[in-house]
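A closer look at the structure
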Amino acid sequence: MGQETGEDTTSRAPRPWGLPWPVALLLALAASVVGGLYDLRVSHGLDIPFTAAYGLGSVAAAGFVRRRGLFVVMATPPLVMLAAATLAVYLENRPAPGLSSLIFAVATPVVPRFPVMAGTTVAVLLIGTARLLVARRHNRAESSTAAGSS
(Lines give C-alpha, C1' and ligand atoms only; values in the text may rest on other atoms or scores of the structure.)
Protein backbone atom coordinates (compact mmCIF):
# COMPACT_ATOMS: atom_id res chain seq x y z
CA MET A 1 0.00 0.00 0.00
CA GLY A 2 2.79 2.44 0.84
CA GLN A 3 4.49 1.81 -2.51
CA GLU A 4 1.34 2.52 -4.52
CA THR A 5 0.65 5.90 -2.95
CA GLY A 6 4.25 7.01 -2.97
CA GLU A 7 4.40 7.15 0.82
CA ASP A 8 7.62 6.16 2.48
CA THR A 9 6.78 3.37 4.90
CA THR A 10 10.28 2.99 6.32
CA SER A 11 10.71 4.34 9.80
CA ARG A 12 13.09 7.23 10.13
CA ALA A 13 14.90 8.37 13.20
CA PRO A 14 13.50 11.58 14.67
CA ARG A 15 15.32 14.71 13.66
CA PRO A 16 17.82 15.80 16.32
CA TRP A 17 16.76 18.69 18.54
CA GLY A 18 18.69 21.94 18.36
CA LEU A 19 20.72 24.08 16.02
CA PRO A 20 23.59 22.81 13.90
CA TRP A 21 26.91 23.97 15.35
CA PRO A 22 27.69 26.50 12.57
CA VAL A 23 24.34 28.22 13.18
CA ALA A 24 24.92 28.22 16.95
CA LEU A 25 28.36 29.80 16.49
CA LEU A 26 26.90 32.41 14.15
CA LEU A 27 24.28 33.16 16.81
CA ALA A 28 26.99 33.82 19.40
CA LEU A 29 29.09 35.81 16.96
CA ALA A 30 26.18 37.90 15.67
CA ALA A 31 24.99 38.73 19.18
CA SER A 32 28.50 39.76 20.17
CA VAL A 33 29.09 41.89 17.07
CA VAL A 34 25.73 43.66 17.44
CA GLY A 35 26.47 44.32 21.13
CA GLY A 36 29.94 45.57 20.22
CA LEU A 37 28.66 47.90 17.49
CA TYR A 38 26.04 49.31 19.84
CA ASP A 39 28.61 49.77 22.57
CA LEU A 40 31.11 51.46 20.26
CA ARG A 41 28.48 53.91 19.05
CA VAL A 42 27.16 54.76 22.51
CA SER A 43 30.23 54.68 24.75
CA HIS A 44 33.03 54.65 22.13
CA GLY A 45 34.50 51.49 23.64
CA LEU A 46 33.71 47.86 24.31
CA ASP A 47 32.14 47.72 27.75
CA ILE A 48 29.02 46.28 29.41
CA PRO A 49 26.71 45.90 26.37
CA PHE A 50 29.41 44.05 24.43
CA THR A 51 30.25 41.88 27.42
CA ALA A 52 26.59 41.04 28.05
CA ALA A 53 25.88 40.26 24.41
CA TYR A 54 28.99 38.05 24.22
CA GLY A 55 28.11 36.15 27.38
CA LEU A 56 24.44 35.70 26.49
CA GLY A 57 25.22 34.72 22.90
CA SER A 58 27.78 32.12 23.96
CA VAL A 59 25.51 30.66 26.65
CA ALA A 60 22.57 30.58 24.22
CA ALA A 61 24.72 28.78 21.66
CA ALA A 62 25.66 26.16 24.25
CA GLY A 63 22.02 25.74 25.24
CA PHE A 64 20.54 25.48 21.76
CA VAL A 65 23.18 23.59 19.79
CA ARG A 66 22.60 19.96 18.86
CA ARG A 67 24.34 17.52 21.13
CA ARG A 68 26.64 16.45 18.30
CA GLY A 69 28.00 20.02 18.00
CA LEU A 70 28.51 20.67 21.71
CA PHE A 71 32.27 20.16 21.63
CA VAL A 72 32.77 22.83 18.97
CA VAL A 73 30.60 25.35 20.81
CA MET A 74 32.30 24.53 24.13
CA ALA A 75 35.76 25.15 22.66
CA THR A 76 35.17 28.43 20.84
CA PRO A 77 34.09 31.22 23.28
CA PRO A 78 37.56 32.86 23.26
CA LEU A 79 37.59 32.83 19.46
CA VAL A 80 34.08 34.28 19.35
CA MET A 81 35.16 37.20 21.56
CA LEU A 82 38.24 37.89 19.48
CA ALA A 83 36.37 37.66 16.17
CA ALA A 84 33.44 39.76 17.43
CA ALA A 85 35.69 42.47 18.84
CA THR A 86 37.73 42.54 15.63
CA LEU A 87 34.62 42.81 13.44
CA ALA A 88 32.95 45.43 15.63
CA VAL A 89 36.06 47.62 15.87
CA TYR A 90 36.78 47.28 12.17
CA LEU A 91 33.20 48.01 11.10
CA GLU A 92 32.75 50.97 13.44
CA ASN A 93 36.15 52.66 13.59
CA ARG A 94 37.91 51.62 10.39
CA PRO A 95 41.37 51.77 11.96
CA ALA A 96 44.30 53.04 9.94
CA PRO A 97 45.52 50.65 7.27
CA GLY A 98 47.88 47.99 8.45
CA LEU A 99 47.72 44.94 10.61
CA SER A 100 49.46 46.50 13.59
CA SER A 101 46.89 49.29 13.94
CA LEU A 102 44.04 46.75 13.75
CA ILE A 103 45.71 44.54 16.36
CA PHE A 104 46.21 47.52 18.68
CA ALA A 105 42.62 48.72 18.16
CA VAL A 106 41.26 45.26 19.02
CA ALA A 107 43.71 44.29 21.78
CA THR A 108 43.09 47.45 23.77
CA PRO A 109 39.46 46.58 24.63
CA VAL A 110 39.84 42.76 24.55
CA VAL A 111 42.74 42.31 26.99
CA PRO A 112 40.85 43.79 29.99
CA ARG A 113 37.92 41.46 29.16
CA PHE A 114 40.01 38.33 29.73
CA PRO A 115 38.27 37.49 33.05
CA VAL A 116 34.89 37.76 31.30
CA MET A 117 36.14 35.54 28.50
CA ALA A 118 37.40 32.97 31.00
CA GLY A 119 34.17 33.08 33.00
CA THR A 120 32.04 32.70 29.88
CA THR A 121 34.18 29.78 28.74
CA VAL A 122 33.72 28.08 32.12
CA ALA A 123 29.94 28.70 32.01
CA VAL A 124 29.72 27.25 28.50
CA LEU A 125 31.80 24.24 29.56
CA LEU A 126 29.51 23.66 32.55
CA ILE A 127 26.37 23.92 30.42
CA GLY A 128 27.81 21.58 27.79
CA THR A 129 28.96 19.05 30.39
CA ALA A 130 25.58 19.12 32.11
CA ARG A 131 23.82 18.56 28.79
CA LEU A 132 26.09 15.61 28.01
CA LEU A 133 25.53 14.06 31.44
CA VAL A 134 21.75 14.46 31.21
CA ALA A 135 21.76 12.92 27.73
CA ARG A 136 23.88 10.00 28.94
CA ARG A 137 21.54 9.42 31.88
CA HIS A 138 18.52 9.62 29.54
CA ASN A 139 20.09 7.11 27.13
CA ARG A 140 20.84 4.68 29.99
CA ALA A 141 17.27 4.94 31.24
CA GLU A 142 15.89 4.29 27.73
CA SER A 143 18.16 1.32 27.18
CA SER A 144 17.29 -0.21 30.57
CA THR A 145 13.53 0.16 29.95
CA ALA A 146 13.91 -1.26 26.45
CA ALA A 147 15.89 -4.22 27.79
CA GLY A 148 13.35 -4.74 30.59
CA SER A 149 10.36 -4.77 28.24
CA SER A 150 11.92 -7.34 25.87
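The protein chain is annotated in an unreviewed UniProt entry as DUF6542 domain-containing protein from Amycolatopsis cynarae.

On to helix 3 (residues 48–64), then. Taking 1.5 Å per residue as the helical rise, helix 3 with its 17 residues ought to reach 24 Å, and the 24 Å between its terminal C-alpha atoms agrees with that figure. Along helix 3, the positions that sit buried rather than exposed are Phe50, Thr51, Ala53, Tyr54, Gly55, Gly57, Ser58, Ala61 and Ala62.

So, on to the nonpolar core. Of all hydrophobic cores here, the largest spans 25 residues; its most connected members are Leu46, Phe50, Val73, Met81, Ala85 and Val106. Counting residues per element, the ones that place at least two in this core are helix 2 (21–43), helix 3, helix 4 (70–75), helix 5 (77–93), helix 6 (99–110) and helix 7 (114–149). The element best represented in this core is helix 5, accounting for 6 residues.

On to unusual backbone geometry. The phi torsion at His44 lies on the positive side, around 60°, for a residue other than glycine. Assignment of secondary structure puts His44 in the loop between helix 2 and helix 3. For His44, a relative accessible area of 68% gives the class exposed.

For the rest of this paragraph, the subject is the environment of Leu132. Mapped onto the fold, Leu132 is located in helix 7. Assessed through its relative accessible area of 38%, Leu132 is described here as partly exposed. Along the sequence, Leu132 and Leu70 sit 62 residues apart, while their C-alpha atoms lie 8.4 Å from each other. Once residues within four sequence positions are removed from consideration, Leu132 is found in contact with Arg67 and Leu70.

Applying the stated rule across the entire model yields 1 aromatic pair. When the ring of Trp17 is compared with that of Phe64, the centres are 6.5 Å apart and the planes differ by 45°; the resulting orientation is tilted. Taken together, the residues span a long stretch of sequence, with Trp17 in the loop between helix 1 (2–5) and helix 2 and Phe64 in helix 3 at a distance of 47 residues. The class for Phe64 is partly exposed, based on a relative accessible area of 45%.

With that out of the way, let us pick up the side chain of Arg113. One can find Arg113 in the loop between helix 6 and helix 7. There is a polar contact of 3.3 Å between the side chain of Arg113 and the side chain of Asp47. The residues contacting Arg113, other than those within four sequence positions of it, are Leu46, Asp47, Thr51 and Met81.

Here the focus is the environment of Ala118. As for its placement among the helices and strands, Ala118 is situated in helix 7. Sequence-wise, Ala118 and Pro78 are 40 residues apart; in three dimensions their C-alpha atoms are separated by 7.7 Å.

Cut-offs and rules
Residues numbered from 1 in each chain as written. Predicted model: local features only at pLDDT ≥ 70, side-chain atom pairs only at ≥ 80, totals over all residues. Heavy atoms only, no water. Helix = DSSP H or I, 4+ residues; strand = E, 2+ residues; numbered from the N terminus. Expected span 1.5 Å × (residues − 1). Buried < 20%, exposed > 50% of the residue type's maximum accessible area, 1.4 Å probe, protein only. Core = buried A, V, L, I, M, F, W, Y, C linked by side-chain atoms within 4.5 Å. Contact = heavy atoms within 4.5 Å. Phe/Tyr/Trp six-rings, centres within 6.5 Å; stacked < 30°, edge-to-face > 60°. Polar contact = N/O pair within 3.5 Å; in protein donor to acceptor, adjacent residues only side chain to side chain.

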